[in-house]
Amino acid sequence: MFGILIALLSGALMSIQGVFNTEMTKQTSLWLSSAFVQLTALLVCAAAWLFTDRTAVSSLLGVEPNYMLLSGVIGAFITITVVKAMGSLGPARAAMLIVVAQLAVAWLIELLGLFGVEKQPFEWRKLLGMVISIAGIVLFKW
């Protein structure tokens, strides 16, 4: 139950952040607002790390495989692409497409066992769920 609540909170915060980022970008610029978002996220995470965790920063050097360290770069591109999507599609359409894309990619990662994730068997019901999600977007659009 806790995981479900956290996932729902995460989705809600992503939508709110997307709107905030898009509005900030309209008043400044894409790169300035994205840098501000990433900088403030760094400050919040650094403060949380100082008060709670204190794992040695050098432990990052031991992360394997090394490409996992690209998650921050991916995070910057997430910020930029969400801003652009919400600016051109509006928050609801953009969020629906983003969520379906997340679902499709996550499912492929599980099916293929990519990035160290345990490989899962193909299930028709999951494919049907994906098709229904896509149909929902089409229905919502029209």
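Shown above is the structure to which this text applies.
Residues numbered from 1 in each chain as written. Predicted model: local features only at pLDDT ≥ 70, side-chain atom pairs only at ≥ 80, totals over all residues. Heavy atoms only, no water.

A. Structural detail: the nonpolar core. The biggest cluster of nonpolar side chains holds 5 residues, and these are V100, W107, L111, M130 and I137. Breaking this core down by element, the ones donating at least two residues are helix 4 (91-112) and helix 5 (124-141). In terms of residue count, the dominant contributor to this core is helix 4 (3 residues). In this structure, L111 is in contact with K119, Q120, P121 and F122, ignoring residues within four places of it in sequence. (Core = buried A, V, L, I, M, F, W, Y, C linked by side-chain atoms within 4.5 Å. Buried < 20%, exposed > 50% of the residue type's maximum accessible area, 1.4 Å probe, protein only. Helix = DSSP H or I, 4+ residues; strand = E, 2+ residues; numbered from the N terminus. Contact = heavy atoms within 4.5 Å.)

B. Expanded view of the packing of helix 2 (residues 30-53) against helix 3 (residues 71-89). The geometry of helix 2 relative to helix 3 is characterised by a closest axis approach of 10 Å and an angle of 130° between their N-to-C directions. Judged by the angle between their axes, helix 2 and helix 3 are oblique. Classified by chirality, the crossing of helix 3 by helix 2 is right-handed. Counted together, L30, W31, S34, V37 and Q38 of helix 2 and G75, A76, T79, I80, V83 and K84 of helix 3 form the full contact between these two elements. Taken together, the residues that form the contact of helix 2 with helix 3 break down as 6 nonpolar, 4 polar and 1 charged. (Axes fitted to C-alpha atoms, helices over the stretch in contact; angles between N-to-C directions. Parallel < 35°, antiparallel > 145°, perpendicular 65-115°, else oblique. Left-handed = near helix turned anticlockwise from the far one by under 90°. Nonpolar A, V, L, I, M, F, W, Y, C, P; charged D, E, K, R; others polar.)

Keep in mind these numbers describe shape, not what the thing actually does.
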